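Architecture at a glance
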Amino acid sequence: MLRGGGSADAMYVVAPMRLDAATSGLIALATRREFAAHFSALLRGKTAEAAGGEGHAPYTIRKLYRCLVCVAADAAPDRLRGPFRPAADLARLCGPPLVHHLDPSPYPPRVFHADPAAGRQECRLRVLHVSAAVPHGPALAAALWGAAGPPDGCAAVAEVHLELLTGRTHQIRGQLSAAGHALVGDALYGGAPEGHSGTLALQCWALAFTDAEGRWRTHR
């Protein structure tokens, strides 16, 4: 929060949402306390609705992301694929929401499980689009990972568009890694060699929400 000038309210700027470190893209900034409270309530409500499953009111906020993910070679035997799944598996991501269950420990890397258990938080995202996989030659690999090169087993990359349905720390990174397609550049979750410190190939590219007057706002 920033304040300045002659009175306490002369300047008010607060971010009611956040992006993970090394993630790029849109972020909301509030210059009024009323909007900050409204936007924060939308985020909390969406997570509660998504985790509650069917029967809840339609979402009143949408956060859309696009990213590059690691893909194994289709012809590679399982022992050479490492943590990644082949391009033929990408279509599996589209359709119903991808659901995992997050361990309560706050320490990274966060652990995402397929099955629920006591204390685990439900995480949901919906994959909207998956591009064809593109093999990375030396030039593309250097642009994406630098001198370290790609992680073992990553033979290609694909672009994924998704909607975040719940808001958990490292959710997109952890869920896609658990699904076999870690984010390009993400050393913490297997998408880059250990020690890589570059930017994640992850961008928040659209925000849409109802304002306090009930009007639908879209920003890209």
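About the thresholds
- Residues numbered from 1 in each chain as written.
- Predicted model: local features only at pLDDT ≥ 70, side-chain atom pairs only at ≥ 80, totals over all residues.
- Heavy atoms only, no water.
- Helix = DSSP H or I, 4+ residues; strand = E, 2+ residues; numbered from the N terminus.
- Buried < 20%, exposed > 50% of the residue type's maximum accessible area, 1.4 Å probe, protein only.
- Polar contact = N/O pair within 3.5 Å; in protein donor to acceptor, adjacent residues only side chain to side chain.
- Core = buried A, V, L, I, M, F, W, Y, C linked by side-chain atoms within 4.5 Å.
- Phe/Tyr/Trp six-rings, centres within 6.5 Å; stacked < 30°, edge-to-face > 60°.
- Pairing = 2+ DSSP bridges.

Now for the side chain of E122. Summarising the element assignment, E122 is placed in strand 5 (residues 121–130). Here E122 falls in the buried class, since its relative accessible area comes to 19%. At 2.8 Å, the side chain of E122 forms a polar contact with the side chain of R124.

Grouped together as the largest cluster of nonpolar side chains are 31 residues, with contacts concentrated most on Y65, C67, V69 and I172. Among the elements of the structure, helix 1 (33–52), strand 2 (61–71), strand 5, strand 7 (156–164), helix 4 (171–178) and strand 8 (202–210) are those that each provide at least two residues to this core. Core analysis: the next-biggest nonpolar cluster, separate from the first, contains 11 residues, C70, A72, W145 and V184 among them.

In this section: the packing of aromatic side chains. In the structure shown here, the tally under the stated rule is 3 aromatic pairs. Here F35 and F39 contribute two aromatic rings whose centre-to-centre distance is 5.7 Å and whose plane-to-plane angle is 40°, an arrangement assigned as tilted. Residue F35 and its partner F39 are located together in helix 1, separated by 4 residues, close to a single helical turn. Exposure remark for F39: the relative accessible area of 0% places this residue in the buried category. Taking 5.9 Å as the distance between ring centres and 55° as the angle between the ring planes, the aromatic pair formed by F35 and F209 counts as tilted.

Take the pairing of strand 7 next. Within strand 7, 8 of the 9 residues are buried, which leaves it mostly tucked inside the rest of the structure. The pairing of strand 2 with strand 7 spans 9 bridges and is antiparallel. When the bridges of strand 7 are listed, L64 appears paired with E163. Note that strand 5 and strand 7 share 5 bridges and pair antiparallel. Each residue of the ladder has a partner; that of V130, found in strand 7, is V160. Here 2 bridges tie strand 6 (residues 134–135) to strand 7, and the two strands are oriented antiparallel to one another. By the bridge assignment for strand 7, V134 is matched with V157.

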